[in-house]
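Chain by chain, the residues run as shown.
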Amino acid sequence: MDRLHIAFFGPVNSGKSSLINALAGQEVSLVSPIPGTTTDPVRKAIELPGLGPCVLIDTAGIDDESILGSERKRLTQNVIDSADIAVILGSGSKAISALEEQLRAASVSIVHYDGSVDSLLKRLAEVAPKEEEKFLTGSLVKPGDCVLLVMPQDSEAPKGRIILPQVQVLRELLDRGCNALCCTPESLRSALQKTTPDLVITDSQVFGKVNAAIPADMPLTSFSVLLAAAKGDIGIFIEGAAAIEGLGPDSRVLIAEACTHVPDNEDIGRVKIPALLRKRAGDGLQVEIAAGIDFPEDLAPFDLIIHCGACVATKTLVRSRTRKALLAGVPITNYGIALAKLQGILDRIAIP
Ligand SMILES: Nc1nc2c(ncn2[C@@H]2O[C@H](COP(=O)(O)OP(=O)(O)OP(=O)(O)O)[C@@H](O)[C@H]2O)c(=O)[nH]1
Ligand SMILES: [Mg+2]
C-alpha cells in the first residue's frame, strides 16, 4: 500500500516543526524561536493512528524571505506537487491564499490546523483516500479468480526480494480473495499447463513474449499499466503513446523516473526503451533522463515524455507532471503503455 504523504505549511515560526514532532512523538525536525529554522523539506515515515503508514513532510516557512528563500520555494513547490494532504497553520495572509490556490491546482486535499492534535487526526482520516478506492486491479478480478503473474527475475531484478509493484499486486489479489500463481517468462508454459488463468499480469518488458504464449482471448495486462491506471490518467497515456509513431531521428524524448535507483546495463528506462525507440525512429533520436524529484522546467523541446511506472511516487506527483506536459503541449505516456505500443499490442491489453 502507498504511504500517505502529509505536508505541513505555514509562515515561519508558526509551529510546523513542533506539530510534526508532537504527531511523531519524537524529534523529527529542529524547533527553535528563530524564524527560518527549517530550511529544506524534512521527511519522516511513520504510522499514524487511524491513518496507517504516512510520510510527514516539514517545510520552510512560506514567507521565508532569506537569500535562499527563492531556492526554498522551489523545494516547497516539489512538496506541493507530491503531497496527498496539506496541513496549513495560520490563515488570512496573502501567502496562505496563494498557497491554497497552488494546492487546489495540484489536487492536494487541504486541512487547517485549529490547535488540536486530536481533531487534526480526525480530519486527516476523513480526507485520506479510502482503501477500496485504491485497488490497482479494479474491476479486472473478482473473488475466486485465478491470476497468473509473470515476473522476470533478470539481472535488473533486486537480489533476494520482489519489486514493489509486484508485491502490491500480489497482496491485493490475496486480500480480494483471488488465487495468484507466480511464474517467470521461462516457466510460463508449464504454468499454463497447470491452470487456465482468468487474467494474466506481466512485466511490460515481456508483453510481446507473453502475448504470443497465451490464447488471444485471455485477458492480459501489466503491472505498470495497473499502476498507471491507479495513479495517472491512463487515457492521456494511451493518447500520448500514439506520438511514438511520429518520432524520427531528430526527435527528443524525455524519460522521467520517480525514484533514484542505480541503473545497470539492462535498465528499462536508460537502455531497453531507448533501444526500442531508436530501432523504430532512427539512431539519431535523443533521449534525456530525469530522475527522482528532478523534472525539467521547460518541457517544450521534447516530442514525447515517457514516465516510469511511478511505484514510489504519489498520485499527486504523477498528475502534476501530466498536467505540466499537457500545458506544454507535449504528449506524455508511461513505460508500460509505451512498451505495449512498441511491441504492437496496445489494443489488446486489459485496462482497469
Ligand atoms: N506557546 C506556544 N509556542 C509554540 C507552539 N508551537 C511552537 N511554539 C514555539 O514557536 C517557536 C517556533 O516553533 P517551530 O516549531 O520551530 O516553528 P516552525 O513553523 O517550524 O518555524 P520555521 O521552521 O522557522 O519556519 C518555538 O519557539 C516553539 O517552541 C505552541 O503551540 N504554543
Ligand atoms: Mg520548522
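Residues numbered from 1 in each chain as written. Chains lettered and ligands numbered in written order. Predicted model: local features only at pLDDT ≥ 70, side-chain atom pairs only at ≥ 80, totals over all residues.

Caption draft 1: Layout of the overall build of the protein. A tally of helices and strands in the protein yields 12 helices and 13 strands. Relative to its length of 352 residues, the protein is compact, with a C-alpha radius of gyration of 22 Å against a globular reference of 20 Å. Considering only C-alpha atoms, the protein reaches an extent of 65 × 50 × 35 Å along its principal axes. Per-residue burial over the protein gives 36% buried out of 352 residues. Residue pairs at least 24 apart in sequence account for 75% of intrachain contacts in the protein once pairs closer than 6 positions are excluded. (Helix = DSSP H or I, 4+ residues; strand = E, 2+ residues; numbered from the N terminus. Rg over C-alpha atoms; globule rule 2.2 N^0.38 Å. Buried ≥ 20, exposed ≤ 12 C-beta atoms within 10 Å, placed from the backbone. Contact = placed C-beta atoms within 7 Å.)

Caption draft 2: A look at the sheet that holds strand β8 (residues 199–202). One open sheet holds the 4 strands; their spatial order is β7-β6-β8-β9, and the pairing between them is parallel. Either end of the sheet is taken by a strand with one partner, and the two such strands are β7 (179–183) and β9 (220–222). Averaged over all pairs of adjacent strands, the angle between strand axes in this sheet comes to 25°, irrespective of strand direction. Of the pairings in the sheet, the one linking strand β6 (residues 146–150) to β7 comprises 5 bridges and is parallel in character. In the sheet register, V147 faces β7, and the bridge partner there is A180. Packing against the sheet, helix α8 (residues 223–231) makes contact with β8 and β9, and its axis sits at approximately 75° to β9. (Pairing = 2+ DSSP bridges. Axes fitted to C-alpha atoms, helices over the stretch in contact; angles between N-to-C directions.)

Caption draft 3: Broad picture of the domain arrangement of the protein. When cut into domains, the protein gives domain 1 (4–129), domain 2 (134–225) and domain 3 (233–348). For domain 2 versus domain 3, the separation of C-alpha centres amounts to 23 Å. Listed per partner, the contact involves 15 residues of domain 2 and 17 residues of domain 3. Counting only elements with at least two residues in the side of domain 2 that touches domain 3, the list comes to α5 (164–175), α7 (207–213), β9 and α8. A per-class count over the side of domain 2 that touches domain 3 returns 6 nonpolar, 7 polar and 2 charged. (Domains from an automatic or database assignment. Nonpolar A, V, L, I, M, F, W, Y, C, P; charged D, E, K, R; others polar.)

Caption draft 4: How the structure looks around the site of ligand 1. By nearness alone, 16 residues border ligand 1, and G15, S17, S18, T38 and G61 come closest of all. The class makeup of the residues in the shell around ligand 1 is 4 nonpolar, 11 polar and 1 charged. (Near = placed C-beta within 6 Å.)

Caption draft 5: Unusual backbone geometry, seen in detail. Here N13, not a glycine, exhibits a phi torsion of approximately 65°, which is positive. Locating N13 in the fold gives a position in the loop between β1 (4–9) and α1 (16–24). Take N13: there are 19 C-beta atoms within 10 Å of it, and that puts it in the partly exposed class. Within the chain, S107 stands out as a residue other than glycine whose phi angle is a positive 55°. Within the secondary structure, S107 is located in the loop between α3 (94–105) and β5 (109–112). A count of 12 C-beta atoms within 10 Å places S107 in the exposed class.

Caption draft 6: Representation of the packing of α8 against helix α12 (residues 335–342) within the structure. Contact geometry for α8 and α12: axes closest at 7 Å, N-to-C directions at 130°. Accordingly, the angle class assigned to the pair α8 and α12 is oblique. Both α8 and α12 take part in a crossing whose hand is left-handed. Contacts between α8 and α12 pair S224, V225 and A228 from the former with Y335, G336 and I337 from the latter. The residue inventory of the contact of α8 with α12, partitioned by class, reads 4 nonpolar, 2 polar and no charged. (Parallel < 35°, antiparallel > 145°, perpendicular 65-115°, else oblique. Left-handed = near helix turned anticlockwise from the far one by under 90°.)

Caption draft 7: Main features of the nonpolar core. By size, the foremost hydrophobic cluster in this structure holds 57 residues, and its most contacted members are L226, F237, A241, I305, I306, I337 and A338. Of all the elements, α8 adds the most residues to this core, at 7 residues. Taken domain by domain, the makeup of this core includes at least three residues from each of domain 2 (134–225) and domain 3 (233–348). Counting residues in hydrophobic clusters, the runner-up holds 26 residues, among them F8, C54, L103 and Y113. (Core = buried A, V, L, I, M, F, W, Y, C linked by C-beta atoms within 7 Å.)

Caption draft 8: Main features of the pairing of β5. Across 4 bridges, the pairing between strand β4 (residues 85–88) and β5 is parallel. Directly across from V87, in β5, lies its bridge partner V111. A crossover connection joins β4 to the parallel β5 through α3; in handedness this β-α-β unit is right-handed. (Right-handed = clockwise from strand over helix to strand, strands pointing away.)

Caption draft 9: Layout of helix α10 (residues 268–281). Helix geometry: α10 is bent most strongly at P274, by close to 25°. The complete set of buried residues in α10 reads I268, G269, I273, L277 and A281. Residues of α10 that are buried sit in contact with β10 (252–257), β11 (286–291), β12 (304–307) and α12. Downstream of α10 by one or two residues, G282 has phi in the positive range, about 115°. (Bend = angle between axes of the 7 residues up to and from the residue.)

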